[in-house]
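# Inside the fold
Residue-level listing of the chains:
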Amino acid sequence: MHPTAFTCRAQEARQRQQATDALLPNVRGVAFIAAAAWRKEALAAEKREAREVATRLYRTESRLERSTEDRDLSENPDRDFADRPVLRALG
């Protein structure tokens, strides 16, 4: 399971706050590196979430197209698609 962009942004902000509040330079450095990593993960999560939305939209559109097709040509829906080129050639 992948973290959401929202979660990544929240972790990035948390790490930046830790870096700001840190007294030790090595702690500050590690926190800034962690914040950069969370930022990179947030960008990847945003792309992943956008792809998921586009995929859902595409699947919904294809379902609508399939539901509006004429499938009354045969009782067997698989056979319907096999017979279409033959019917087009005859028709």
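Residues numbered from 1 in each chain as written. Predicted model: local features only at pLDDT ≥ 70, side-chain atom pairs only at ≥ 80, totals over all residues. Heavy atoms only, no water.

### Some details on the overall build of the protein chain
- Scanning the protein chain for helices and strands turns up three helices and zero strands.
- Ordered by position from the N terminus, the helices and strands of the protein chain form the series α-α-α.
- Sorting the 91 residues of the protein chain into buried and exposed places 15% on the buried side.
- Sequence-distant contacts, at least 24 apart, represent 44% of the contacts inside the protein chain between residues at least 6 apart.
- Total accessible area on the protein chain stands at roughly 7,500 Å², and carbon and sulfur atoms take up 58% of it. (Helix = DSSP H or I, 4+ residues; strand = E, 2+ residues; numbered from the N terminus. Buried < 20%, exposed > 50% of the residue type's maximum accessible area, 1.4 Å probe, protein only. Contact = heavy atoms within 4.5 Å. Areas by Shrake-Rupley, 256 points an atom, 1.4 Å probe, with all protein chains shown as cover.)

### Here we look at the side chain of Arg48
- Its location among the elements puts Arg48 in helix H2 (residues 25-68).
- The exposure class of Arg48 is buried, given its relative accessible area of 13%.
- Apart from residues no more than four positions distant in its own chain, Arg48 is found in contact with His2, Pro3 and Glu41.

### So, the side chain of Glu12
- With respect to the helices and strands, the residue Glu12 is situated in helix H1 (residues 5-21).
- When near neighbours in sequence (up to four residues on either side) are disregarded, Glu12 contacts Ala35, Trp38 and Arg39.

### Topic: the pattern of salt bridges
- Counting across every chain of the model gives four salt bridges.
- Between Arg9 and Glu12 there is a salt bridge whose closest N-O contact spans 3.4 Å. With Arg9 and Glu12 both in helix H1, this residue pair falls three residues apart, about one helical turn.
- The class for Arg9 is partly exposed, based on a relative accessible area of 28%.
- The salt bridge partner of Glu41 is Arg48, with a shortest N-O separation of 3.8 Å.
- Because the salt bridges share partners, they merge into one network encompassing Arg9, Glu12, Arg16 and Glu46. (Salt bridge = Lys/Arg side-chain N within 4 Å of Asp/Glu carboxyl O.)

### Some words on the confidence of the model for the protein chain
- When pLDDT is averaged along the protein chain, the result is 83; 71% of the residues meet or exceed 70.
- When mean pLDDT is taken per element in the protein chain, H1 scores highest with 97 and helix H3 (residues 77-90) scores lowest with 55. (pLDDT = per-residue confidence, 0-100.)

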